[in-house]
Amino acid sequence: MTYKMENIEKLITDQYPIMSKSQKKIATYMLDHKNEIPFLTVAKLAKSTKVSEATVVRFAVFLGFTGYSDLQQYMQSSIQKQLTTTERLRMSSDVYEHEREGVVSLFQDDMANIQLTMEKLDEQQFMRAAQYILEGRRIYISANRSARSLGVFLQYYLNIILGHSELIGAADTVSEQLFKLDEHDVVIGISFARYSINTIEQVQYAKEHGAKVIAITDHLTSPLVPYADVVLTASSKLPTFIDSFTAPLSLINALIVYLGKERTEVVEERLEKLEDLWERFDIFYRKK
C-alpha cells in the first residue's frame, strides 16, 4: 500500500460519514493537525483526541493500514520531505507547549523511537550488514549534514574493530577517496529526511561500481533504498527542527557491539596496543 499525503486526506474524508463518534474525533484532529501526526505517538494522539489508545490503532486499521505506526510512517515520509526547518521549529512550539511537560515529552518521544526501531528490526538484514562489513576490504561511510555525527561515531569504532574504515569527506575530495572503489569494498550510507543529495549520489556511485551498499535510514521509501544491498531502518521522528538520532545511534551501537563480538580476539589485541599508546601520549585524564 502506497499513499501520498493528499491520498490519505481523501481517504479520511471519504470514510468520514461511516465513522463512529470516536473515529470522527481522530479524523478531525488528523485533518486539522496533519503536520503533527507523523510525530505523535499513539498515547499522545489518544490524549489529544480523548479516546483510548486501542481506538487509535483500530482507526488506522479501519483506514486499511496494518496499525498506527504503519499509517504514521507513510504520513511521516510525505511530511518530512515537505516541511522546511523553520516550519518544523514552529510545529515544535505547538506540540511541546508547557516547559516541563515539553522536556519530559521529548524523552518519551525518543524512547518511542527506540521502541519502534527495535520492533521493526529486520534481523536478517542486520546480520547481512555485519557480514558485509566483516568481509569488506575497506569500509567507506557516507554521512552528511547532521547525520555526519553518526558517521564520525561509526567510523571511530570501526577503525578500532577493523582498522580499515574511512569517512568520506567534503565534495571536492570524494573523487580521490572513491577512486579505487570496487566489489571488494563496502559503502555505508547514512541519511534521514530531508535526505542529503551528496549521500544519495555517493551510494549510487558505489552501487554502479559493484561495492556492497548498506543504507542506514528512516524508512523503506528513503531515496537511499534503491541503491542498497541491505537496509537498516531507525525511527528519527521528532516534531521539532532537529532530527532525533537517539534510535539511529542505538542501532549503530548494536551493530558495533555485534561486530566486536565477532572479532573478539582481534579487538582485544588492538585495544591492548591502543591502551599502551593512550598511556604513552597521556590521552586520558587521571586524577592526581
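Right above here is the structure, for reference.
Notes on the structure in this doc start here. All values reported here derive from a predicted model rather than from experimental measurement.

Here we take up the overall build of the protein. Helix and strand counts for the protein stand at 13 helices and 5 strands. Of the contacts made within the protein by residues no fewer than 6 positions apart, 70% connect residues no fewer than 24 positions apart. When the accessible surface of the protein is totalled, it reaches about 15700 Å², and 53% of it is carbon and sulfur.

Mapped onto the fold, Lys207 is located in helix 11 (residues 197-208). Along the chain, Lys207 and Val187 lie 20 residues apart, while their C-alpha atoms are 8.7 Å from each other. Sequence-distant contacts of Lys207, defined by excluding residues within four places in its chain, comprise Val213, Tyr227 and Asp229.

It is worth spelling out a negative patch on the surface at this point. A contiguous patch of negative charge on the surface is contributed by Glu265, Glu268, Glu272, Glu275, Asp276 and Glu279. Position of Glu279 relative to the elements: it lies in helix 13 (residues 264-280).

The residue after Ala193, namely Arg194, is reached through a cis peptide bond having omega 5°. Summarising the element assignment, Arg194 is placed in the loop between strand 3 (186-190) and helix 11. Of note, Lys50 is a non-glycine position whose phi angle comes to about 60°, a positive value. Turning to its location among the elements, Lys50 is positioned in the loop between helix 3 (42-49) and helix 4 (53-62). Phi is positive for Arg145, close to 55°, though the residue is something other than glycine. In this fold, Arg145 is placed in the loop between strand 1 (139-143) and helix 9 (148-161).

What follows is about the nonpolar core. Buried together is how nonpolar side chains tend to be arranged in soluble globular proteins. Residues Ile133, Leu158, Ile188 and Ile190 are the most contacted members of the largest nonpolar core, which totals 32 residues. Secondary structure elements with two or more residues in this core: helix 8 (123-135), strand 1, helix 9, strand 3, strand 4 (212-217), strand 5 (230-233) and helix 12 (246-262). No other element matches helix 8, which puts 6 residues into this core. The contacts of Leu158, once residues within four sequence positions are left out, are Ile133, Ile139, Ile141, Gly163, Ser165, Ile188 and Leu259. Counting residues in hydrophobic clusters, the runner-up holds 23 residues, among them Met30, Val42, Val51 and Tyr68.

With that out of the way, let us pick up the packing of aromatic side chains. Inspection of every chain in the model, using the stated rule, returns 5 aromatic pairs. Ring geometry for Tyr156 versus Tyr157: centroids 4.9 Å apart, planes at 90°, classification edge-to-face. The partly exposed category is assigned to Tyr156, whose relative accessible area is 43%. A connected cluster of aromatic rings, assembled from ring pairs, spans Phe153, Tyr156 and Tyr157.

The next thing to look at is helix 12. End to end, helix 12 covers 25 Å across 17 residues, agreeing with the expected 24 Å (1.5 Å per residue, within 8%). Those residues of helix 12 lying buried are Ala247, Pro248, Leu251, Ile252, Leu255, Ile256, Leu259 and Gly260.

All told, the structure shown has 8 salt bridges when counted by the stated rule. Notably, a salt bridge pairs Asp109 with Lys44, separated by 3.0 Å at the nearest N-O pair. Note that Asp109 is positioned in helix 7 (residues 99-119) and Lys44 in helix 3, a separation of 65 residues in sequence. A single burial state applies to Asp109 and to Lys44, both of which are buried. We note a salt bridge from Arg137 to Asp182, for which the minimum N-O separation is 3.1 Å. Of the two residues, Arg137 is situated in the loop between helix 8 and strand 1 and Asp182 in the loop between helix 10 (174-177) and strand 3; the sequence distance between them amounts to 45 residues.

Analysis parameters
Residues numbered from 1 in each chain as written. Predicted model: local features only at pLDDT ≥ 70, side-chain atom pairs only at ≥ 80, totals over all residues. Heavy atoms only, no water. Helix = DSSP H or I, 4+ residues; strand = E, 2+ residues; numbered from the N terminus. Contact = heavy atoms within 4.5 Å. Areas by Shrake-Rupley, 256 points an atom, 1.4 Å probe, with all protein chains shown as cover. Patch = residues over 30% accessible without salt bridge, like charges linked within 9 Å, V, L, I, M, F, W, Y side chains within 5 Å. Salt bridge = Lys/Arg side-chain N within 4 Å of Asp/Glu carboxyl O. Lys, Arg positive; Asp, Glu negative; His and termini not counted. Charge placed at Lys NZ, Arg CZ, Asp CG, Glu CD. Core = buried A, V, L, I, M, F, W, Y, C linked by side-chain atoms within 4.5 Å. Buried < 20%, exposed > 50% of the residue type's maximum accessible area, 1.4 Å probe, protein only. Phe/Tyr/Trp six-rings, centres within 6.5 Å; stacked < 30°, edge-to-face > 60°. Expected span 1.5 Å × (residues − 1).

In short, the description is geometric, and any link to function would need to be established separately.
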